[in-house]
Amino acid sequence: MAGLYIHIPFCAKRCSYCGFYSTTRLNMQNEYVDSICQEIFLRKNYLSSLGSVNSADNIVRTIYIGGGTPSQLSSLNFERIFDAIHENFECSEDEVTVEVNPDDVTNELAALFSILHVNRVSMGVQTFDDNLLRFLNRRHKSCQVDNAVDILRKHGILNISIDLMFGFPNQTMDTWIKDITHAIKLGVQHISAYSLMYEEGTLLYKMLQENKIREIDENLSLSMYNKLMDMMYNAGYEHYEISNFAQKGYRALHNSSYWHDVPYIGIGAAAHSYNKQTRQWNVSDIDKYIESIRQGTVPFTFEDIDEDTHYNDIVTTVLRTAEGIDLTLLDSKYAKYIVQQSAKHIEEKNVEIINNHLKLTREGIYISDLIMSDLMIV
């Protein structure tokens with residue numbers, strides 16, 4: 001089975017840390033959704049073109065509408081997108097996720113999600129500290145998160161994920177513990193937590209370059225991550241991927257496809273697609289995207305994936321997961337290579353092999369980038 005991702009780039013205002021493609025040109029919403037629906041039609045045979053003899057491989061198992069801020073869409077545009085999906089793809093709808101901002105969640109939006117069979121919501125929370133929210137240029141206030149969760153549950157959406165961030169300038173361990181504690185008390189099924197990154201082109205990066213802010217001490221950041229793992233474990237959450245924690249039975253199916261070499265289709269400006277033979281990404285420009293789709297052409301760049309590239313992709317994605325890399329699924333030459341390259345890290349107890357699965361130990365997670373670099377073919 002495959003995943004379908006749809007990128008909605010619209011934001012009411014831009015967050016200071018965000019490096020994803022987005023735009024505040026909300027007046028282009030209708031025009032953009034026209035193009036989304038047209039691209040869905042243009043690419044309806046993408047899965048069948050993969051050549052699989054197993055018909056199940058051509059079914060869309062997961063749908064993920066991300067951004068940007070998809071919850072900025074009108075009800076009509078949500079309906080148009082879902083109509084286009086079901087007119088052009090066979091869907092099992094095991095998981096249908098929409099990203100939202102807490103302040104966008106209303107009874108009307110939650111009711112619409114129920115009608116459209118949205119069964120999972122991913123909410124950009126980042127922190128429960130209102131001062132930090134203002135620093136990040138977020139629209140919502142912390143109190144709106146609890147209200148949004150209550151509304152979603154009232155309308156039968158019981159699979160809720162929230163994003164948290166840590167490592168802000170001047171952040172203390174106490175404020176981070178409060179954030180984790182609040183998230184756990186909410187009882188949400190899934191929590192993603194990321195260390196703050198200073199991506200080039202963002203306002204935060206500019207502030208760092210101008211010495212208006214300073215990065216947090218690296219040891220404190222590592223301690224925050226360590227505290228996160230301990231608190232999530234004690235609360236019964238499964239640490240199934242480096243940045244992701246889930247209650248039993250609530251792993252993110254769509255995102256897991258990225259980490260387990262499952263094909264996926266990306267629709268919209270800046271969206272990526274992958275079919276094991278090629279990787280392609282649409283133009284990151286809403287005007288160029290719309291104009292090209294009007295001409296009947298999907299504006300993407302692509303790269304062919306040879307055996308070495310495929311192996312490297314497995315290293316940088318599957319090794320992030322709790323299960324690790326199944327060595328029996330690798331070609332013998334790659335299985336031999338990865339075991340040889342892992343010897344030093346196994347000796348240092350950063351990596352282990354259990355039941356033919358190569359996986360990171362807890363200590364190895366801290367240096368996962370270095371380990372992956374050592375295991376890759378250059």
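In this report, we go over the structure that sits alongside the text. (Residues numbered from 1 in each chain as written. Predicted model: local features only at pLDDT ≥ 70, side-chain atom pairs only at ≥ 80, totals over all residues. Heavy atoms only, no water.)

Before going further, it helps to spend a moment on the packing of aromatic side chains. Geometry of an aromatic ring pair is reported as the spacing of the ring centres plus the angle between the planes. Summed over all chains, the structure comprises 12 aromatic pairs. Note on F10 and Y32: the rings are 5.4 Å apart at their centroids and 90° apart in plane angle, and the pair reads as edge-to-face. Note that F10 is positioned in the loop between β1 (2–8) and α1 (29–42) and Y32 in helix α1, a separation of 22 residues in sequence. This pair shows no difference in class: F10 is buried, exactly as Y32 is. Here F166 and W176 contribute two aromatic rings whose centre-to-centre distance is 5.0 Å and whose plane-to-plane angle is 35°, an arrangement assigned as tilted. Of this pair, F166 sits in strand β5 (residues 160–166) while W176 sits in helix α6 (residues 173–186), placing them 10 residues apart in sequence. Neither F166 nor W176 differs from the other in exposure class; each is buried. Through successive ring pairs, a cluster of aromatic residues spans F166, W176, Y225 and Y366. Sitting above the plane of the Y46 ring, R43 keeps its charged end 4.8 Å from the centroid. (Phe/Tyr/Trp six-rings, centres within 6.5 Å; stacked < 30°, edge-to-face > 60°. Helix = DSSP H or I, 4+ residues; strand = E, 2+ residues; numbered from the N terminus. Buried < 20%, exposed > 50% of the residue type's maximum accessible area, 1.4 Å probe, protein only. Lys NZ or Arg CZ within 6 Å of the ring centre and 35° of its normal.)

Running from N to C, helix α2 (residues 75–88) and helix α3 (residues 107–115) point in directions that differ by 15°, and their axes come no closer than 11 Å. With respect to α3, the element α2 is oriented roughly parallel. The crossing of α2 and α3 is right-handed. Seen from α2, the contacting residues are S75, F78 and E79; seen from α3, they are L109, L112 and F113. Residues of the contact of α2 with α3, tallied by class, amount to 4 nonpolar, 1 polar and 1 charged. (Axes fitted to C-alpha atoms, helices over the stretch in contact; angles between N-to-C directions. Parallel < 35°, antiparallel > 145°, perpendicular 65-115°, else oblique. Left-handed = near helix turned anticlockwise from the far one by under 90°. Contact = heavy atoms within 4.5 Å. Nonpolar A, V, L, I, M, F, W, Y, C, P; charged D, E, K, R; others polar.)

What follows covers the packing of helix α12 (residues 332–347) against helix α14 (residues 368–375). Where α12 contacts α14, the axes come no closer than 9 Å and their chain directions differ by 140°. With respect to their mutual orientation, α12 and α14 come out oblique. Between α12 and α14 lies a crossing of right-handed hand. Facing α12, whose interface residues are Y337, I338, Q341, S342, K344 and H345, α14 presents I371, D374 and L375. Class assignment for the residues of the contact of α12 with α14 results in 4 nonpolar, 3 polar and 2 charged.

This part takes up helix α11 (residues 307–318). Its 12 residues give α11 an end-to-end C-alpha distance of 16 Å, which sits within 8% of 16 Å, the value for a rise of 1.5 Å per residue. Within α11, burial applies to Y311, N312, D313, I314, V315 and V318. The elements touched by buried residues of α11 are α9 (253–259), β11 (278–282), β13 (325–326), α12 and α14. (Expected span 1.5 Å × (residues − 1).)

Interpretation in functional terms is not warranted from these geometric data alone.
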